[in-house]
Every structure is written in C-alpha cells, then in structure tokens.
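# A look at the structure
In case you want the letters, here they are:
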Amino acid sequence: MNATISVTPSLPDTGQLRALESESIHIIREGIAEFDRPCLLFSGGKDSIVMLHLAVKAMAPSRLPIPVVHIDTGHNFPEVLDYRDRTVQRLGAELIVGSVPDAIASGRIPEGPGPGASRNRLQTPVLLDTIRDNNFGAVYGGARRDEERSRAKERVYSFRDEFGQWDPKNQRPELWNLFNGFIHPGQHIRVFPISNWTELDVWQYIADQELELPSIYYAHEREVFERNGMLMAVSEFMKPGPGEAVFTQSVRFRTVGDMTVTAAVPSEATTLEQVIAEIAATRTSERGASRADDRTSEAAMEDRKREGYF
C-alpha cells in the first residue's frame, strides 16, 4: 500500500542548504584570494550574521583575515550593537566603524530635517568614505536577490566605478559562476555571497547551524505606534506624532536598520521553529513589510544603490 508523505514547508532541505553554503564559501574564498584589502559589511542583521559565519567557515582553521565594517547611523537598536561587539570580540576580528554622527558633526554631511529624521540615506557617503580611506578593493555584502526588485538585478560581483556608483545596465556576465574582478585604482567590487538565498533559506540555515541572533528577531512586548500602516517602536529616536497613540504589542523585527525606518511586525514567535513557520507562510518580503525608506517610491532602493548604497 502506497503511503502519502506530507512535507512541512518549514522543515529545512539540508541538501539545498549544503549547496547554498558551498556556493557562498566558494565566492568568499575567490574574493579573498583575488582582491587587495577586502572587507565584510556587518550590520548585526540576520543576513550579515550568516555571511560572517560563512566567511569564518571559509577560512577555518585560520582566523578571519579581513576586517568587519559597520556603518553606524547612531540610530541603531542597542540589542544589535551589543551583539556586534560580542561577536567581533569572540572571533578576534578587526572592527572598523564608519560613523554617520561623526560625519554630521564634522560638517561632511547634513543632518536630515525634523526630529527623528532617517539617517539611512546618509550611510552612503560614509560607506564610500570608509572604502576610500581604507583602500578596500572588495566589499562583501549580505544582500539577497529576493529582498527587493533592484537587488534582483544585482550580479554576485557588482562593479562600482571611481565614485562608488552602480550602473545596472553595465554589468559583467557571470556564466558558469566565473567572476570578473578586474578593477582600476579607485574602483571596487561589491561581492554578494548569499545572492541566491531566500529569507527562508537564511532562517533555516540559522537553525541548522544554531546561530545566535539579536533578541529583537524574536517576539517580545514593546511599545509601538502605527504610522503609514507600519508599527514603529518607541525610542529616543522615534516618537509618536499628533494622533499616533502608543500601545504595547507582541512584535518582532524581520530586518535590522535605522530605528527611524525599521518597523516591527505583530508576532508571537519566540523560537526559531516558530519564526521559520511564520516566514514559510508569509507572502511579503521583509523589506516590503518593514522598511519605510523603501516605500518612498517604486525605485527608492535602486536610486540609493546607484549612488553607492549597499
């Protein structure tokens, strides 16, 4: 008698995860071998956590030979900053911080208008300054193609010109996973090792590898208010306006960014298994559901990427 096998969508396909892991480790090793002064962007978010874990695996048993770079807006979740510092200390890695507040204080860039203004766009000139000042030839980023339509256009090796800008119509072919990393002085390559992963792949890999995450990724009681259909967390950087009532709700965050533009989602998921079940059932990308800065226009992300955003 034939039995019917029911497959739960939240269960990880370990064969698929091993294939994704192998591809990403290959990309990381290629870049470290090919480029002068590569670095790894680390926001303390789930994607950069997975990418850092893959980089450590790629270089084992040696210590990570490239610096970890964080572009700090000054509006970060304190839980994420604590996680960043503990992780870098545990790995014995070099941490380089590009500071948006320092750039504002020096007059390099202007602060946004009004209280609680987003500094997300201000990360771009600080990132470009950090790349130039440290002469980085390659910058590893944790972007995935399923996040947002402009990131779906991105190559694994994304060429940036002398001004750090990206031209989506001028990209190099990557047939058979052959990557062209040739650059002139002043240019650099953004390398995206987890381009082919999905949000669900990332969460299943986190569970498979038993990776620690900042606590904001799990459901917890938090004071929030609704703005433009999004739940914004009350903080020293984000205050409710007229008519925006504060209430307490069980929420979690699907993505990590500037507190002024990163929204929470209602959730009761307090474990990895429960989060994975939520992600398997959702039909909205984490950026579409949680990032106010991506709602300013249909091309908001692509405009920022053309300017040099990661």
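How each quantity is defined
- Residues numbered from 1 in each chain as written.
- Predicted model: local features only at pLDDT ≥ 70, side-chain atom pairs only at ≥ 80, totals over all residues.
- Heavy atoms only, no water.
- Patch = residues over 30% accessible without salt bridge, like charges linked within 9 Å, V, L, I, M, F, W, Y side chains within 5 Å.
- Areas by Shrake-Rupley, 256 points an atom, 1.4 Å probe, with all protein chains shown as cover.
- Salt bridge = Lys/Arg side-chain N within 4 Å of Asp/Glu carboxyl O.
- Helix = DSSP H or I, 4+ residues; strand = E, 2+ residues; numbered from the N terminus.
- Buried < 20%, exposed > 50% of the residue type's maximum accessible area, 1.4 Å probe, protein only.
- pLDDT = per-residue confidence, 0-100.
- Contact = heavy atoms within 4.5 Å.
- Axes fitted to C-alpha atoms, helices over the stretch in contact; angles between N-to-C directions.
- Parallel < 35°, antiparallel > 145°, perpendicular 65-115°, else oblique.
- Nonpolar A, V, L, I, M, F, W, Y, C, P; charged D, E, K, R; others polar.
- Left-handed = near helix turned anticlockwise from the far one by under 90°.
- 1 Å grid on protein atoms, 1.4 Å probe; cavity = no way out; pocket = protein on both sides within 12 Å on 5 of 7 lines; lining within 4 Å.
- Points joined across faces, edges and corners; volume = space filled by probe spheres on them.
- Pairing = 2+ DSSP bridges.

## Regarding a nonpolar patch on the surface
Taken together, L175, W176 and L178 make up a surface patch of nonpolar side chains, about 430 Å² in accessible area. Inspection of the secondary structure puts L178 in the loop between β5 (157-160) and β6 (188-191).

## Quick look at the pattern of salt bridges
The full count for this structure, using the stated rule, is 18 salt bridges. We note a salt bridge from E79 to R222, for which the minimum N-O separation is 3.6 Å. Of this pair, E79 sits in helix α3 (residues 78-91) while R222 is found in strand β7 (residues 220-227), placing the two residues 143 residues apart along the sequence. Judged by relative accessible area, R222 falls into the buried class, the value being 14%.

## Description of the confidence of the model for the protein
The predicted model of the protein has a mean per-residue pLDDT of 87, with 87% of residues at 70 or higher. The element-level mean pLDDT for the protein is lowest in helix α9 (residues 300-307), coming to 57, with strand β1 (residues 38-41) highest at 97. Predicted confidence for residues 1-10 stays below pLDDT 50, and this span has seven contacts to residues more than four positions away or in other chains.

## Here we look at the packing of helix α1 (residues 14-34) against helix α6 (residues 199-209)
As a packed pair, α1 and α6 sit with axes 11 Å apart at the nearest point and diverge in direction by 95°. Classified by the interaxial angle, the pair formed by α1 and α6 is roughly perpendicular. On the side of α1, the interface is formed by T14, Q16, L17, R18, L20 and E21, while α6 contributes D201, Q204, Y205, D208 and Q209. Looking at the contact of α1 with α6 residue by residue, the classes come out as three nonpolar, four polar and four charged.

## So, the packing of α6 against helix α7 (residues 272-281)
Where α6 contacts α7, the two axes come as close as 10 Å, and the packing angle between them is 165°. Between α6 and α7, the angle is such that the two are roughly antiparallel. Where α6 crosses over α7, the two elements pack in a sense that is left-handed. Between α6 and α7, the contacting residues are E199, L200, W203, Q204, I206 and A207 on the first element and L272, V275, I276, I279 and A280 on the second. Of the residues assigned to the contact of α6 with α7, the class counts are nine nonpolar, one polar and one charged.

## What to know about the layout of surface pockets
Remark: the empty space left among the atoms is shown by a probe the size of a water molecule rolled over them. Its volume calculated, the largest pocket comes out at about 440 Å³. Considering only enclosed or pocket space, the second largest pocket measures out at about 190 Å³ in volume. Sorting the residues of the lining of the second largest pocket by element identifies α2 (46-59) and α3 as the ones contributing at least two each. The dominant element in the lining of the second largest pocket, judged by the number of residues it contributes, is α3, at five residues. Residue composition of the lining of the second largest pocket, grouped by class: six nonpolar, two polar and three charged.

## Concerning the sheet that holds β6
Taking strand neighbours across the sheet as the criterion, the six strands line up as β3-β2-β1-β4-β6-β5 in an open arrangement whose pairing is mixed. Lying at the two open borders of the sheet, with one neighbouring strand each, are β3 (95-99) and β5. If you compare each strand with its neighbour and ignore which way they point, the axes differ by 30° on average. Bridge analysis of β1 against strand β4 (residues 138-140) gives three bridges, and the strand direction is parallel. Each bridged residue has a counterpart across the sheet, and for P38 the counterpart in β4 is A138. Along the sheet, α2 contacts β1, β2 (68-72) and β4; its crossing angle with β1, the most-contacted strand, is approximately 145°.

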